[in-house]
Amino acid sequence: MANKTSIMLVKKIKLILICLMLSFVAPAQNEDSLMLKFNELNNKLYSRPVNYIKGNQLLYEYKDYFVHTSLESFFHQASATFYAASGNQFKAKKHYWLSKGKKMDSLKVVFGSLENYRNIFRYTENKKVVMINENHAFPEHRVFTTSLLDSLFKQGFRYLALEDLLSAKIINQRSTPYLSDGLYINEVMYSEMVRKALDIGFTMVAYDNNDAWDIRERDSLATQELKKVFEKDLNAKMIIHCGFGHIDESKKVLASFIKSKLGIDPLTISQTSLQPVIVEKFIEEPKLILGTLNPKLFETKSDFQVIHPNYDYAIRPEYLFVNERQKVQLELNFDVSEELILEVYQNKQSDGAVPYDRIIIEPKTKSIDISAPRGLLKILFKNQNDEIVKRMKISN
């Protein structure tokens, strides 16, 4: 099973890379050699076990191969996803906006009225499918979906379909996310979304494990996988959490296929058109915008758009400490002489489970805020060789 999972994960990584490539047209010059070098980088980044200190070093070492080439945007997007999983949200956002040719502070969007995001439940109650997209480098998008789960469950939604899952059967039996369950699930807010859904009573659905590179074929096959759920459970109501343009109702992708092939009109919520933003007034939580308010403004056609707060990514962003997660100031009772990966687990979590928090700490760090559930916690500190150099136990 482990070997099969590794093969599926390699397929998933390659699929993600191809999809990123489709976002630009690369000139022929040196394209083959660049792609070989890029595949070499990604094979090193995601070799098991993934080591985020070595990964950060690899990204720095390989940067010069791609800057000012046809794969520069590609490199920055892949870097952003990796940095997000490592806990470095500042670098994740920096590299994502570099991939778009923009600085983090260069966007300004002004709106007169922004709705409370909880108003979305007025529209979801009579829907069979709710689709929410994400930017894979923005963990707050996963936090947003997590915040909707309780209320949507009360409205009868029982299935959570995830683009990232390799096997729904395994995770539904185990009832806790493991590092081997996918790629994005290695990021702690993605795993928290899954963990919360399983705790509430949702059934996970995996639908995106096919070999199709073309997005139309890929999403057409994915629709057939989702169809099996609705055929088996005639009363099924499903949340689909996916990436970027799969919810675009104006294109031949998943959202439009669900409508044309399954006869279900999904409610679509986009989080990817307006992130990060500086709004005319400070907002403390996500806000809702009707998608038809100014459709020319939005890259993705959807029923609703979500604006997120402009978090301070230079520190640990506040979205880490919501949805029943506590901010705990951890005092380090030892001298930190090198970069270390700090990971937070519940005391009885099994080996291979995704931690509740992960961050790289710098030498001489004396204390740090961690995001954790209540209860007895074990804190592991790993070096660049993935060796545990320190263990701590605390009660939160």
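Conventions used here
Residues numbered from 1 in each chain as written. Predicted model: local features only at pLDDT ≥ 70, side-chain atom pairs only at ≥ 80, totals over all residues. Heavy atoms only, no water. pLDDT = per-residue confidence, 0-100. Helix = DSSP H or I, 4+ residues; strand = E, 2+ residues; numbered from the N terminus. Contact = heavy atoms within 4.5 Å. Pairing = 2+ DSSP bridges. Axes fitted to C-alpha atoms, helices over the stretch in contact; angles between N-to-C directions. Phe/Tyr/Trp six-rings, centres within 6.5 Å; stacked < 30°, edge-to-face > 60°. Buried < 20%, exposed > 50% of the residue type's maximum accessible area, 1.4 Å probe, protein only. Lys NZ or Arg CZ within 6 Å of the ring centre and 35° of its normal.

Undergrad: What should I look at first to understand the confidence of the model for the protein chain in this one?
TA: Do not read the predicted coordinates in detail wherever pLDDT is low. Looking at the protein chain as a whole, the pLDDT averages 86, with 85% of positions reaching at least 70. Across the protein chain, the element-wise mean pLDDT spans from 56 in helix H1 (residues 2–21) up to 98 in strand E3 (residues 159–162). Counting interchain partners and residues more than four positions distant, the pLDDT-below-50 stretch residues 22–29 has eight contacts. Segment residues 104–108: pLDDT under 50, and 13 contacts once partners within four positions in sequence are set aside and those in other chains are kept.

Undergrad: Mind showing me how you'd approach the sheet that holds strand E13 (residues 376–382) here?
TA: Note: strands within a sheet are paired through backbone hydrogen bonds, in either parallel or antiparallel orientation. One open sheet holds the four strands; their spatial order is E11-E10-E13-E14, and the pairing between them is antiparallel. Strands with a single pairing partner mark the edges of an open sheet, and in this sheet they are strand E11 (357–361) and strand E14 (388–395). Geometrically, the sheet is characterised by an average inter-axis angle of 20° between neighbouring strands, direction not taken into account. Pairing of strand E10 (residues 340–346) with E13 involves six bridges; the strand directions are antiparallel.

Undergrad: Got a minute to help me understand the packing of aromatic side chains in this structure?
TA: For any pair of aromatic rings, the description rests on two quantities: the centre-to-centre distance and the angle between the ring planes. Per the counting criterion, the structure on display carries 16 aromatic pairs. On the basis of an interplanar angle of 20° and a centroid distance of 4.3 Å, the ring pair of Phe38 and Phe74 is categorised as stacked. A residue pair is termed long-range when its members are at least 10 positions apart, and Phe38 in helix H2 (residues 31–45) and Phe74 in helix H4 (residues 72–86) qualify at 36 residues. Just as Phe38 is buried, Phe74 falls in that class too. Ring centres of Tyr96 and Phe244 lie 6.5 Å apart, and the angle between their planes is 20°; this geometry places the pair in the stacked category. With a gap of 148 residues between them, Tyr96 in helix H5 (residues 89–99) and Phe244 in the loop between strand E5 (238–243) and helix H11 (254–262) connect regions that are remote in the sequence. Judged by its relative accessible area of 5%, Tyr96 is buried. Over the aromatic face of Phe153 sits the side chain of Arg158, whose NZ or CZ is 3.7 Å from the ring centroid. In this arrangement the basic side chain of Lys378 is found over the ring face of Tyr345, its NZ or CZ atom lying 5.8 Å from the centre.

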